[in-house]
Amino acid sequence: MFLALWVGGLVVALVLIGLFVFGLRRRLIQRSGGTFDCSLRWNVSEEPDLSGKGWVYGVARYSEDRINWFRVFSYAARPRRVLERSAIEVVARRLPEGEEELALLSDAVVLGCLHGETRLELAMSDDALTGFLAWLEAAPPGQRVNVA
């Protein structure tokens, strides 16, 4: 009986520690500012996929001439994707449709982008979209900016 209580208490403690570390990681990512909620779908086809599959919820952080994108449900300290401003080309903008509406935040706008040769989609709020497009257009002189 005592062993079962001890193991149960240990499991509860480990879960609480895991949740604490999870929250601490998010806090550290957002500490430097310039972050916004941003879902990402990497390496998509040219035809919009409205099934809602492939979207990963994350937090994006502006960092000089790149955006560091972190998965929300991860313990990794490093960004999962790094998007260089000079390589981002916005090719489409649309509202979520079909099952996508369930996979994304309620006020999301979907941007179809090219990052080099890779096609990707970013979903973010209207406010985050305004900031993202302003950041893209504020590239230093001589850098290519492609916003549809």
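Here the structure is a predicted model, which means the values were calculated and not measured.

Participant: Can you lay out the UniProt feature "transmembrane region" (unreviewed entry) in the protein for me, pointing to particular residues and giving the numbers?
Facilitator: In the UniProt entry, the feature "transmembrane region" (unreviewed entry) is given for residues 6-24. Across residues 6-24, helical content stands at 100% and strand content at 0%; the span's end C-alpha atoms are separated by 27 Å.

Participant: Let's hear about the sheet that holds strand β1 (residues 35-37): which residues, and what values?
Facilitator: Within the open sheet, the four strands sit side by side as β1-β3-β4-β5. Their pairing is antiparallel. A single partner strand is all that each edge strand has here, and the edge strands are β1 and β5 (81-84). The sheet shows a mean angle of 25° between the axes of neighbouring strands, taken without regard to direction. Of the strand pairs in this sheet, β1 and strand β3 (residues 58-63) are connected by three bridges, and their pairing is antiparallel. Bridge assignment links Phe 36 to a residue of β3, and that residue is Ala 60. Packed on one face of the sheet, helix α1 (residues 2-31) meets β1, β3 and β4 (66-71) and runs near 30° to β3.

Participant: Explain the pattern of salt bridges to me, using residue names and the numbers behind them.
Facilitator: For the coordinates displayed, the defined rule picks out five salt bridges. With a closest N to O distance of 2.7 Å, Glu 100 and Arg 94 form a salt bridge. Per residue, the accessibility class of Glu 100 equals that of Arg 94, and both read buried. Here Arg 94 ties to Glu 121 by a salt bridge, and the two come within 3.1 Å at their closest N and O atoms.

Reading guide: rules and limits
- Residues numbered from 1 in each chain as written.
- Predicted model: local features only at pLDDT ≥ 70, side-chain atom pairs only at ≥ 80, totals over all residues.
- Heavy atoms only, no water.
- UniProt positions renumbered as here; feature names shortened; annotations may be inferred.
- Helix = DSSP H or I, 4+ residues; strand = E, 2+ residues; numbered from the N terminus.
- Pairing = 2+ DSSP bridges.
- Axes fitted to C-alpha atoms, helices over the stretch in contact; angles between N-to-C directions.
- Contact = heavy atoms within 4.5 Å.
- Salt bridge = Lys/Arg side-chain N within 4 Å of Asp/Glu carboxyl O.
- Buried < 20%, exposed > 50% of the residue type's maximum accessible area, 1.4 Å probe, protein only.

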